[in-house]
Amino acid sequence: MRKPSRLPLKLLCFGLYGLVLALFMRTELNCLIRHFTGVICPGCGMSRAWASVLRLDFWAAFHYHPMFWSVPFLVLYILY
């Protein structure tokens, strides 16, 4: 018997995470980890990096977060 696909559940989780993140970015709480612990999290700068990629400014993207290029591979790995 074939296992049911978990892809819709994963997409829903990504969507909800994105929605929560967008809501927090609209307030002064840009990064929850940094806000509550005072430690810069590994993802800090990732949003600005991808905004730079969308403007085709790869140098600025690398400046904001040197690992910005790894996100599509990570998403593909999680989804499949």
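So, here is what we can say about the structure in this document. (Residues numbered from 1 in each chain as written. Predicted model: local features only at pLDDT ≥ 70, side-chain atom pairs only at ≥ 80, totals over all residues. Heavy atoms only, no water.)

## So, the side chain of H65
Definition in use: Here a strand is any run of E in DSSP of at least two residues, a helix any run of H or I of at least four, and the numbering for each starts at the N terminus. Summary of the burial criterion: residues with accessible area below 20% of their type's maximum are buried, those above 50% are exposed, and those between are partly exposed, where the area comes from a 1.4 Å probe applied to protein chains only. Only heavy atoms enter the contact rule, under which two residues are in contact if any of them lie within 4.5 Å.
Its location among the elements puts H65 in the loop between α4 (58–64) and α5 (71–79). Given a relative accessible area of 10%, H65 falls into the buried group. For H65, the contacting residues outside a window of four places in its chain are P42, G43, C44, G45, M46 and A49.

## Some points on unusual backbone geometry
We note that L56 has phi near 65°; this positive angle belongs to a residue other than glycine. For L56, the location among the structural elements is in the loop between α3 (46–54) and α4.

## Some points on the packing of aromatic side chains
To keep things clear, this is the line we draw: Only Phe, Tyr and Trp rings take part, Trp by its six-membered ring, and two of them pair if their centres are within 6.5 Å. Stacked means planes under 30 degrees apart, edge-to-face means over 60, and tilted covers everything else.
Under the counting rule described, the total for this entry stands at two aromatic pairs. The interplanar angle of 70° and the centroid separation of 6.5 Å between the aromatic rings of W69 and F73 together place this pair among those described as edge-to-face. Given a relative accessible area of 46%, W69 falls into the partly exposed group.

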